[in-house]
Amino acid sequence: MHLVIVVPCHNEAESLPHFHERLTAVEADLAPYASEPVEYVLVDDGSTDGTLALMRQLNQADQRWHYLSFSRNFGKEAGLLAGMRRALDLGATHVAVMDADLQDPPELLPQMCERMSQGGCDAVAAYRQTREGEPPIRSWFAHRFYGFMGKVSDANMKDGARDFRVMTRRMVTDVCSMPEVGRFSKGLFMWVGYDTEWIGYKNIEREHGTTSWSFFGLVRYAIDGIIAFSTWPLEVISLIGVFMSILALLFLLFIFVRALFFGDPVAGWPSLVCVITFLGGIQILGIGTIGIYISKIYAEVKHRPLYIIAEEA
Ligand code: UDP
Ligand code: MG
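Here we summarise the structure given alongside this text. Being a predicted model, the structure only gives us computed values, none of them experimental. (Residues numbered from 1 in each chain as written. Chains lettered and ligands numbered in written order. Predicted model: local features only at pLDDT ≥ 70, side-chain atom pairs only at ≥ 80, totals over all residues. Heavy atoms only, no water.)

**Details of the site of ligand 1**
Just so we agree on the cut-off: Near is defined per residue: the residue qualifies when any heavy atom it owns lies within 4 Å of the molecule or strand. The Shrake-Rupley method, run with a 1.4 Å probe sphere, supplies the accessible areas, and residue values consider only the shown protein chains as cover.
Around ligand 1 lies a shell of 17 residues, among which His-10, Glu-12, Asp-45, Asp-101 and Gln-103 are the nearest. For ligand 1, the protein covers 88% of the area, taking 530 Å² as the surface of the free molecule.

Next comes the structure, spelled out in structure tokens:
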């Protein structure tokens, strides 16, 4: 097994030294599975603290610690992609992806590699059995999101799944071969198929530095995920349209018959206003939904690179 560990980093100057320490400690336990020394690909995603300087130091001290530095912040998904591509170039037979903040416990890696070496699966992934320490509102939305995704998309995602996993070369090759701009790795990992083994662990709070995700950042990421893997919103909007048209037809019939047989006493306008505003709302919702999809299509057809590498070693 030639394992390459990919780590996206955005302003992780506080975490990186700890990360280096913990992984170095774990390497002895990885040795039984490794045919070649473990290598690392750190991806500096436009950090504004000393992250890049630290990466240079690590690389100077040990050639196995490779790094890429983006010309600006391109997002974690771009970082993962760039890192995995580099890992393939390095000749990895297995690629691990994990966060720099040690919320993905490195001590799980030997266990994951052991499961991998037993064969029968192309990925061994970690998921959080608990979300202790996370703001309850965030957990609530996260649970709803995974439930919803399971229902409306063809990429079934495990609740609590993280981007912490070890994968075989062929699986990583398939994930990297998907050129889409609106990337949602958790979905892509499931979409490519193969068998994934899950290892559960307790949530671990970030010890150093701060998270780069705001609540609304996560909401946007969730919308990206839904749009990338489901056309369900478009179908629902269309169905509402059909339902409304049938209702309108029935209503028309009713008014017609009433006017024909009972004359037409002019009724008040409040009901009219209600109907018009309700329908107006649904129309705008429909147009907005279609708009989101179109904006995603626009981003895809521009065929821009997903990231620009300014420095690497
Ligand atoms: N990250 C990144 N680019 C970004 C945001 C985050 O590369 O724009 C990295 C970050 O450095 C970390 C990982 O993605 O290694 C997960 O980020 P974070 O810990 O902030 O997210 P959380 O654990 O709260 O989901
Ligand atoms: Mg984190």
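**Some words on the coordination of the magnesium ion (ligand 2)**
Here is the rule: Excluding water, the donors of a metal are its N, O and S neighbours within 2.8 Å, or within 3.2 Å for Na, K and Ca, and that exclusion means sites may look incomplete. Partly exposed residues are those whose accessible area sits between 20% and 50% of the maximum for their type, while under 20% is buried and over 50% is exposed, using a 1.4 Å probe and protein chains only.
For the magnesium ion (ligand 2), the full set of protein donor atoms is Asp-101 (OD) and Gln-103 (OE1), at a range of 1.8 Å. The pair Asp-101 / Gln-103 is uniform in exposure class, with both members buried.

**Points about unusual backbone geometry**
Definition in use: Secondary structure follows DSSP: runs of H or I at least 4 residues long count as helices, runs of E at least 2 residues long count as strands, and numbering of each begins at the N terminus.
Although it is not a glycine, Tyr-194 adopts a positive phi angle of roughly 65°. Locating Tyr-194 in the fold gives a position in the loop between helix H7 (185-191) and strand E7 (196-201). Under the relative-accessibility criterion, Tyr-194 is labelled partly exposed at 33%. A positive phi angle, close to 55°, is found at His-303, a residue other than glycine. For His-303, the position within the fold is in the loop between helix H10 (270-301) and strand E8 (309-312).

**Some details on the pairing of strand E4 (residues 94-97)**
If a strand is regular, its side chains alternate between the two faces of the sheet. To be explicit about the condition: Two strands pair if DSSP finds at least two bridges between them.
Taking every second residue as pointing to the same face, both faces of E4 are buried, with His-94 and Ala-96 on one and Val-95 and Val-97 on the other. Bridging between strand E1 (residues 3-9) and E4 involves four bridges; their strand directions are parallel. The residue of E4 that forms the bridge with Val-6 is Val-97. Here E4 runs beside strand E6 (residues 161-168); their pairing, made up of four bridges, is antiparallel. Bridge pairing in E6 links Val-95 to Met-167.

**Describing the side chain of Thr-168**
Stated formally: N or O atoms within 3.5 Å of each other form a polar contact, as long as, within protein, one can give a hydrogen and the other can take it, and as long as residues adjacent in sequence are counted only when both atoms are side-chain atoms. When checking whether two residues touch, look at their non-hydrogen atoms; a contact exists if any pair is within 4.5 Å.
With respect to the element layout, Thr-168 can be found in strand E6. Reaching out from Thr-168, the side chain makes a polar contact with the side chain of Asp-122 at a distance of 2.6 Å. Ignoring any residue separated from it by four or fewer positions in sequence, one finds Thr-168 in contact with Thr-93, His-94, Met-116, Cys-121 and Asp-122.

**A few points about the pattern of salt bridges**
Going by this rule: The term salt bridge refers to a side-chain nitrogen of Lys or Arg lying within 4 Å of a carboxyl oxygen of Asp or Glu.
Counted according to the given criterion, the structure contains 12 salt bridges. Ionic pairing is found between Glu-27 and Arg-64, a salt bridge with its closest N-O pair at 3.2 Å. Taken together, the residues Glu-27 in helix H1 (residues 16-30) and Arg-64 in the loop between helix H2 (51-61) and strand E3 (65-70) connect sequence positions 37 residues apart. Relative accessible area serves as the criterion here: at 18%, Glu-27 is assigned to the buried category. Put simply, Lys-76, Asp-99, Asp-104, Arg-162 and Asp-163 are held in one network by salt bridges that share partners.

**Quick word on the nonpolar core**
Selection rule: Within this scheme, the nonpolar core is defined by two criteria: the residues are buried Ala, Val, Leu, Ile, Met, Phe, Trp, Tyr or Cys, and they are joined through side-chain atoms within 4.5 Å.
Ranked by size, the top nonpolar core spans 38 residues in total, and within it Phe-70, Met-84, Val-95, Phe-145, Met-167, Val-172 and Tyr-307 carry the most contacts. When residues in this core are grouped by element, the largest group, seven residues, is from helix H3 (residues 76-89). Excluding anything up to four places from it in sequence, Met-84 contacts Val-6, Val-95, Val-97, Met-167, Val-172, Val-175, Cys-176 and Phe-189. Listed in part, the 34 residues of the second largest apolar core include Leu-3, Phe-19, Leu-42 and Cys-121.

**Some remarks on H1**
Stated formally: Expected span of a helix, by definition, is 1.5 Å for each gap between consecutive residues, and there is one gap fewer than residues.
Counted at 1.5 Å a residue, the expected span for H1 with its 15 residues is 21 Å, and the 20 Å between its end C-alpha atoms agrees. Among the residues making up H1, those that are buried are Leu-16, Phe-19, Leu-23, Val-26, Glu-27 and Leu-30. Next to the buried residues of H1 lie E1, strand E2 (39-44), H2, E3 and helix H4 (108-117).

**Here's the deal with the sheet that holds E3**
For the record, the criterion: A fitted line through C-alpha atoms represents every axis, and for helices the fit uses only the stretch in contact; the resulting angles, taken between N-to-C directions, go from 0 to 180 degrees.
The strand order across the open sheet formed by eight strands is E7-E5-E6-E4-E1-E2-E3-E8, and the pairing between neighbours is mixed. Of all the strands in the sheet, the pair left with one neighbour each is E7 and E8. Sheet twist, expressed as the average angle between the axes of neighbouring strands with direction ignored, equals 20°. Sheet topology note: the strand E5 (residues 123-128)/E6 ladder contains four bridges and is antiparallel. Bridged to Tyr-127 within E6 is Ala-161. With respect to the sheet, helix H6 (residues 169-176) is in contact with E4, E5 and E6, its orientation differing from that of E6 by roughly 120°.

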